[in-house]
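# Coordinate analysis (summary)
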Amino acid sequence: MSNNSYYAKPQGKSGLLLNQWDLIILVLFFGLLAALVWGAQQMSAPYQLGSHIPISLDPSMLPRYAISTVIRMAIALLFSLLFTFTVATLAAKSPRAERFIIPFIDIMQSVPILGFLSITILAFIYLFPGSQLGPECAAIFAIFTSQVWNMALSFYQSLRTVPKELNEAAAMFHLSPWQRFWRLEVPFATPSLIWNMMMSLSAGWFFVVASEAISVNNQNITLPGIGSYIYLATAQSDYKAIGYVILTMFIVITIYDQLLFRPLVAWSEKFKLESNPDTYTETWFLNLLQRAQLTHYFLAMLKRLRELMTTPLFPKRQHRELPPRVRQALSWTAITFWNSALLIAILASCFTLGRYIYTEVTFSEVLHVFWLGMITALKVGILIIISSIIWVPIGVWIGLKPRVASIIQPIAQFCAAFPANLVYPVIYMLIVKYQLNVNVWSAPLIILGTQWYILFNVIAGASSLPQELHLVAQNYGLRGWLWWRKLILPGIFPFYVTGAMTAAGGSWNATVVAEVVNWGGKTLHAVGLGSYITEQTMTGDFARIGLGIAVMSLYVIVINRFVWHKLYEIAEERYHIG
């Protein structure tokens, strides 16, 4: 794997000798700590169900709202990483667990955020009575569900496509499964995971309005944040407030791009398989960290922690080691037990939900909901094809030019984070003014916040192509369509499948927002499953909410099983680089 100058060990005297760069680091650290303490105090404020939390459109309140929203999104991102490193790894390692985990992710990424909120909001409120922590946890959980599935699928795909020569090297060095995970698999998956973390954080902005301005069962709960500010500005048709919040979002995204993701992307270059000086990107914040002495002490602590983590938890002792057949039998028994328990729980939940829906909903309405699902499926399929035609060539161009990627990265993050809710007024005015068909012209809003999954994954795939393959293609004189067919499309295919599959799942989720357009007290409803779920959620009809979510999940499972998973198999068998 590649190396670069700013990854070298620091040269200097021993002892705690601070410099001017450490002062900047300390200011940033204590500023972050103060923001976290203030956010924790706001989250634990007293709250009673039914009480109103005032939201102001005063621009001076936007910094506070931005801090609250970013804290919620950061907490959700940490839980998403924990889920990714555990559940996605289990799916990649265990074929039996994979049979349940991947369909589970398929279902969960299709369940609308309103569906999660309608179920979890009251549970969290009763879990934290008299405290704002209840609605806060519900909002964080909703943002978590908008971030985690993309990261989990990306990590799962990376673990399934580790090059054979790296696995052989790990076997030659007799690495334990624990060491293999932290020394081989996590580093190999890091570049793609970082790009998908950026996309997941951006996707969280798309759903932040639904998570902070909660309207469930005739209960309206607005949490202080960017999402509730957008909701109030849209409801009051306040163009000036919308301009202020767009500027605030641009500033926030620029800050965490400069302080977090640009350094992470530059740092992840050390995990690429080949060394290419042209691909190195430097960032001012990473250079600042390299000059600060505190960073070196912190890295030394992380190195000790890494050595501790990559040391086998249970050193091998020959006299205590179980026979291979016994270990295999115990492993299969444990997996079978948990899979059986999960299957029983799923079947029991489905039976309970089906019985409840059967007593509340007529058979003709069930058929109508399936028809609405078919309409939405047609919309999503057409939009995925159009987005792929547009973004695959652009993603390849960006991925093959790292310096261009460093310029495009913050722009793409801002576009991906831009809430579709702010586009609704424009669409609404065009539809009303020109008497357009709301079912057709509201459809682009479905893909507006999820098409970026395709772009970010294609960029990650194109940037991870080994340099040797480019040299071989150059030596053979591959040009035009032959270059695409023999090199690029096979190389990015596993990444594209992950991006397109996640974009499709996210598009189903986005229909609950995109098929109902609100502006200035007026509402337009497009025909589709998303608008059906939104209407039932507003009225608190849990039987019809369950019916809509069940139908949407069924559509997504069938499409994933017969389309996306077949493409996954092709990616593993025919287009596995290495």
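Just so we're clear, the structure is a prediction, and the values are computed from it rather than from any experiment. (Residues numbered from 1 in each chain as written. Predicted model: local features only at pLDDT ≥ 70, side-chain atom pairs only at ≥ 80, totals over all residues. Heavy atoms only, no water.)

## Points about the overall build of the chain
From N to C terminus, the chain includes 23 helices and four strands. Within the chain, the proportion of its 578 residues that are buried is 50%. Long-range contacts, defined here as pairs at least 24 residues apart, represent 82% of the contacts in the chain between residues at least 6 apart. Carbon together with sulfur atoms contributes 69% to the accessible area of the chain, which is approximately 28500 Å² in total. (Helix = DSSP H or I, 4+ residues; strand = E, 2+ residues; numbered from the N terminus. Buried < 20%, exposed > 50% of the residue type's maximum accessible area, 1.4 Å probe, protein only. Contact = heavy atoms within 4.5 Å. Areas by Shrake-Rupley, 256 points an atom, 1.4 Å probe, with all protein chains shown as cover.)

## What about helix α1 (residues 20–43)?
Relative to the 34 Å expected for 24 residues at 1.5 Å per residue, α1 spans 35 Å between its end C-alpha atoms, a close match to the ideal helical length. Three or more residues of α1 are buried, namely Asp 22, Ile 25, Gly 39 and Met 43. (Expected span 1.5 Å × (residues − 1).)

## Examining the environment of Ala 514
Relative to the elements of secondary structure, Ala 514 occurs in helix α21 (residues 480–514). As for Ala 514 and Ala 526, which are separated by twelve residues in sequence, their C-alpha atoms are 8.5 Å apart.

## Brief notes about the packing of aromatic side chains
Taken as a whole, this structure holds 21 aromatic pairs when the rule is applied. Plain terms: the ring middles of Phe 85 and Trp 182 are 5.9 Å apart, the flat faces sit at 55° to each other, and that makes the pair tilted. One end of the pair, Phe 85, is in helix α2 (residues 62–93); the other, Trp 182, is in helix α7 (residues 177–206), and 97 residues separate them in sequence. Look at Phe 85 and you get partly exposed, because its relative accessible area is 24%. (Phe/Tyr/Trp six-rings, centres within 6.5 Å; stacked < 30°, edge-to-face > 60°.)

## What to know about the pattern of salt bridges
Counting across every chain of the model gives six salt bridges. Residues Lys 93 and Glu 185 are paired through a salt bridge, measuring 2.2 Å at the closest nitrogen-oxygen approach. Of this pair, Lys 93 sits in helix α2 while Glu 185 sits in helix α7, and the two are 92 residues apart along the sequence. Note on Lys 93: relative accessible area 45%, which makes it partly exposed. With its nearest N and O atoms 2.9 Å apart, the salt bridge here joins Glu 365 to Arg 544. Highlighted residues: Glu 365 in helix α14 (residues 363–399) and Arg 544 in helix α23 (residues 542–574), separated in sequence by 179 residues. In this structure, Glu 365 and Arg 544 share a single accessibility class: buried. (Salt bridge = Lys/Arg side-chain N within 4 Å of Asp/Glu carboxyl O.)

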